[in-house]
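Residue-level structural notes
Listed here are the chains, written in short residue letters.
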Amino acid sequence: MRIRKLLVGVTLGSALLVGGLAAPAQAASEPAQGRTLGAKGALGWTLYDYYFWKSDCNWAGQAGKSNGWWTRYECKNGSWVPGDDYELWVYN
């Protein structure tokens, strides 16, 4: 009787463990919100991503501009705390 309970417990525990490990993998495969520029040919300003350092924001904006992904970019302060984080806004 103890062996049966042990086997049931191990089976349920492993099923929960495998299910718990599979869920984050599915969530990670979804595209990040804000990283797509929407429909092809859509014009206007779009929030692309958030950065802690302004230099990282400027680097990503310049890299996208150099690659032809957008024509203009702006790094705006995204927090009420000055210098806390920056939003990269791009114009397509």
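In what follows, the accompanying structure is described. (Residues numbered from 1 in each chain as written. Predicted model: local features only at pLDDT ≥ 70, side-chain atom pairs only at ≥ 80, totals over all residues. Heavy atoms only, no water.)

Before going further, it helps to examine the state of the cysteines. Tallied over the full model, the rule gives 1 disulfide. A sulfur-sulfur separation of 2.2 Å characterises the disulfide bridge that pairs C57 with C75. Judged by the torsion about the S-S bond (-105 degrees), the C57/C75 disulfide is left-handed. Of this pair, C57 sits in helix α2 (residues 54-66) while C75 is found in strand β2 (residues 72-77), placing the two residues 18 residues apart along the sequence. Taken as a pair, C57 and C75 share a single burial class, namely buried. (Disulfide = S-S within 2.5 Å. Helix = DSSP H or I, 4+ residues; strand = E, 2+ residues; numbered from the N terminus. Buried < 20%, exposed > 50% of the residue type's maximum accessible area, 1.4 Å probe, protein only.)

Turning our attention to α2. The α-helix advances 3.6 residues per turn, and as a result positions three or four apart in sequence lie on the same side. Its 13 residues place the ends of α2 18 Å apart at the C-alpha level, agreeing with the 18 Å of an ideal helix rising 1.5 Å per residue. Those residues of α2 that fall on the buried side of the exposure criterion are C57, A60, G61 and G64. The buried residues of α2 occupy an angular sector of 100 degrees when the element is viewed end-on, so they sit on one face. Opposite the buried face of α2, at more than 90 degrees from it, the exposed residues are S55, W59 and S66. On its buried side, α2 packs onto β1 (45-51), β2 and β3 (86-91). Backbone geometry just downstream of α2 places G68 in the positive-phi region, at approximately 85 degrees. (Expected span 1.5 Å × (residues − 1). Arc of directions from axis to C-beta. Contact = heavy atoms within 4.5 Å.)

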